Amino acid sequence: MDEFLMFYAPFIVLIGAIILAFIVAPMDGAATRPPKEKKK
Amino acid sequence: MSLEVLGITVLMTFLFGYIIVGAIDFGAGFFNAYSLLTGKEHILTNVIQRYLSPVWEVTNVFLVFFFVGMVGFFPSTAFYYGTTMLVPLSIALILLAIRGSYYAFETYGASGHKGYSFMYGMAGILLPASLSIVLTISEGGFIDMVNGQPVLDYGALFTSPLTWSIVFLSIAATLYISAVFLTWYADKAGDRDATELLRKYALIWSLPTIITAGGIVWELRSHNADHYNQLLGLWWMFALSGALFIGTVYLLWKRHNYGLAVWLLIGQFALAFYGYGIAHYPYLLYPHLTIHDSFTNPAMATALIIAFILGLGLLIPSLYLLLRLFLFNKDYVKGRKKDEHA
Amino acid sequence: MGNEESVFFSRVLTELTLSFHIIYATIGVGVPLMIMIAQWVGIRKNDEHYILLARRWARGFVITVAVGVVTGTAIGMQLSLLWPNFMELAGQVIALPLFMETFAFFFEAIFLGIYLYTWDRFDNQKKHLLLLVPVALGASFSAVFITIVNAFMNAPQGFDLVDGELVNIQPLVAMFNPAMPTKVAHVVITAYMTSAFILAAIAAFRLLKGSDHVYHKKALFLTMKLGLIFSIGAAVIGDFSGKYLAEYQPEKLAAAEWHFETEGEAPLMLYGILDGQEVKYAITIPYALSILAHSDPTAEVIGLNDFPEDEIPPLYIHYLFDTMVTIGVLMIMVSGLYWLGRHMRWRFIHSRWYRWLIVAGGPLTVIAIEAGWWYAEVGRQPWILRDIMKVPEAATTSGHVDTMLYLFATLYLILGVGSVVVLRRMFRNNPVEREIADREAEVREGTRKGGDHR
């Protein structure tokens, strides 16, 4: 188990993060959404 | 061909590449600064910027490639040259850093900033001088072994006429190579004023180049007789080199075919450079270090050569693309393309 | 100058060069990916703002790359100038990745030149984006190869040492040493993380300074999202590094955690002070060190008392480790809350103090990078090549190292100040609002003339 975490998992996480970044990047609907109005 | 000869040939080729592209680059920076000083920047700056902009970073890589490869193929050079060259190479590094970064600062951040232009122009012209010290030291006679450690004798180094001839040659050759190349480039761009001015510079610097080059051979006779005798054994290479030199100057003089003039110039320096290098064989550092006893183990050498071949497979098409898009692209050279940076 | 002084000044000069270079190197590795993502989003969504974002980042990037290149050249050569004995020995085993790094760098340099000057040359933006791929690949692989050399210093293998001679050398085995995967992945992902947070800091700063342009909002949201992904990734890989250390360099882990006695159920201590072997005022997280080392709360973790006293690193690296981890966790929280807040439409993420926090995140992540590298390097002491060569044996015997130190310190000051001044000037003279207006005018002009906008 530790062998896997030391030798392969780091690259899997790295590449996974890069792919995830590309997937998430275009979802920018929330970027321009105004905050909630203050409660009266 | 043995692995060590193959290794040193590869490294020499990259060093030669650096000498040519570096010289063009450094000389261009100097001419640019000089034109600011004499108020002729309107003639030169444009043509120089168009050439320099996309390639400045590539120039630097040739040097990195050379010294990383050197330590890779010949690890003992790290011990001899690394220990003794701390001061000269550190100074070269500082000049290199100022030149590279201030070039970028001026080009991308503060166009036309005179102070920045002077800084990179001056740093560029001092660089060949400080790097050329390595060649001087490789001739031997400046390094003593003290308690098994190599020590550089600065007194001997700075009082030797050989040192100063090599320094002068490096500066003269830098300006000469650069001026010849830029003459051709300006001519291609159809910029007549710049062509004329650069042609004048090229002719001016041709004479000091050939005189100092001859002077060095003469100095070597008394400094390093071995090397001198081997140089004489390769007299035909130098004779051919001299003939090409005359050819370049003739073409410039007659305002004829500047493209051919550049190729003759490269041929001239290649013959002289490889002739000098072959005559140096087998020494990397007279008389302490030869390419045989400093060579790395066969496993590493093979790995490096394989990596080198694979790397070239990647680099040559990329370099070709770079040259096609900029240097050999008529529209770009003439400034017709709207290729502003970023 | 005595030999001891040479060693001392060689260490200081190397540390200075690396500390300065790593700022620009980190940006150099991470920003190309950020530019690529922004340009890609711009093309996909046909949103001019993201294209402009990529373009402006690329402009600033050139300045940092220039400093990164020259300082990288400096450290490359200083390895031979200051540590000639190390290079002579290690060069025989680990020269291959150093050599490959120059190729990666070469590749990057060529395409960066092309990319920068071809913004308006292609009618199809995708072609232009394609040119950035080799830049990003070259930049990341430079980091990979250089980090492999550093990993080798921590876990040398791929040779046999017989009577002080290296025999049976296997360059590939040396490259794929046990320290390599965690170290390489951690260095690369933290470069992405740091670059994202630096760019986020710039966007937040513009918003704070009164600009309300949607361009900055898009930039901030994008970079915070990317920062969140990469900072979580960095933490996960950091956890893997703990497992590597526990097995291959237990003294480095033990020194960072002030773990003296070999024992199971080991707690993780954060901060505190050391009194003899007793840790006072520390924040203690039970079982956490055992989990970090072996993913098992009861597992035994080797302590410092199992090592000879002259082979353990200085204990102050504890604080370096803590700084790195604290900033990492803080940035996960800041970016996580921002992302969540954007979706939940919370108000406080738009408040001034929160934006200032994001601005602070830029320099903070750079500090985390520095702390991480100091930890990595000091944690290897007294070795330069673990178990094979100690630092003093490796250093130059040349004098004048002190003078060179002052010269280089001056140089770095000039470069640091120069790059900041130029960057500020560049963006102040050309604010994004004006550039957007210019471009819109250009496009209008273009359509009137019949669509010829080349």
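Scroll up for the structure.
All values reported here derive from a predicted model rather than from experimental measurement.

On to the packing of helix H1 (residues 3-37) of chain B against helix H6 (residues 114-138) of chain B. Residues and elements named next belong to chain B. Between H1 and H6, the least distance of the axes is 8 Å, while the angle of their chain directions is 140 degrees. Put simply, H1 runs oblique to H6. Viewed along their axes, H1 and H6 form a crossing whose handedness is left-handed. The residues of H6 that touch H1, namely those facing Tyr18, Phe26, Gly29, Phe30, Asn32, Ala33, Leu36 and Leu37, are Lys114, Ser117, Phe118, Tyr120, Gly121, Gly124, Ile125, Leu127, Pro128 and Leu131. When the residues that make up the contact of H1 with H6 are grouped by side-chain class, the tally is 12 nonpolar, 5 polar and 1 charged.

Our next topic: a positive patch on the surface. Positive charge collects at one region of the surface, where Arg206(C), Lys209(C), Arg352(C), Arg424(C) and Arg428(C) lie side by side. Relative to the helices and strands, Lys209(C) resides in the loop between helix H6 (180-208) and helix H7 (214-248).

Moving on, we get to the pairing of strand E1 (residues 143-146) of chain B. All names here are of chain B. Two strands pair when backbone bridges link them, and E1 and strand E2 (residues 149-152) are joined in this way by 4 bridges, in the antiparallel orientation. Counted as the bridge partner of Met145 is Pro150 from E2. Hairpin connection of E1 to E2: 2 residues between the antiparallel strands, including Asn147 at a positive phi of 50 degrees.

On the surface, Glu261(C), Glu263(C), Glu265(C), Glu300(C) and Asp306(C) cluster together into a negatively charged patch. By the element assignment, Glu263(C) lies in the loop between helix H8 (250-257) and strand E3 (268-270).

Here we take up the interface of chain B and chain C. The interface of chain B with chain C comprises 72 residues on the first partner and 69 residues on the second. Taking both partners together, chain B and chain C bury about 6,400 Å²; carbon and sulfur atoms supply 76% of that area. Linking chain B to chain C there are 4 residue pairs in polar contact (both at pLDDT 80 or more). Elements supplying a minimum of two residues to the side of chain B that touches chain C: helix H3 (56-73), helix H4 (76-84), helix H5 (86-109) and helix H13 (298-327) of chain B. Here the side of chain B that touches chain C takes 17 residues from H5(B), the largest share from any one element. Looking at the side of chain B that touches chain C, its residues break down into 47 nonpolar, 20 polar and 5 charged.

Thresholds, definitions, all that
Residues numbered from 1 in each chain as written. Chains lettered and ligands numbered in written order. Predicted model: local features only at pLDDT ≥ 70, side-chain atom pairs only at ≥ 80, totals over all residues. Heavy atoms only, no water. Axes fitted to C-alpha atoms, helices over the stretch in contact; angles between N-to-C directions. Helix = DSSP H or I, 4+ residues; strand = E, 2+ residues; numbered from the N terminus. Parallel < 35°, antiparallel > 145°, perpendicular 65-115°, else oblique. Left-handed = near helix turned anticlockwise from the far one by under 90°. Contact = heavy atoms within 4.5 Å. Nonpolar A, V, L, I, M, F, W, Y, C, P; charged D, E, K, R; others polar. Patch = residues over 30% accessible without salt bridge, like charges linked within 9 Å, V, L, I, M, F, W, Y side chains within 5 Å. Areas by Shrake-Rupley, 256 points an atom, 1.4 Å probe, with all protein chains shown as cover. Salt bridge = Lys/Arg side-chain N within 4 Å of Asp/Glu carboxyl O. Lys, Arg positive; Asp, Glu negative; His and termini not counted. Charge placed at Lys NZ, Arg CZ, Asp CG, Glu CD. Pairing = 2+ DSSP bridges. Buried area = accessible area lost by both parts, 1.4 Å probe. Polar contact = N/O pair within 3.5 Å; in protein donor to acceptor, adjacent residues only side chain to side chain.

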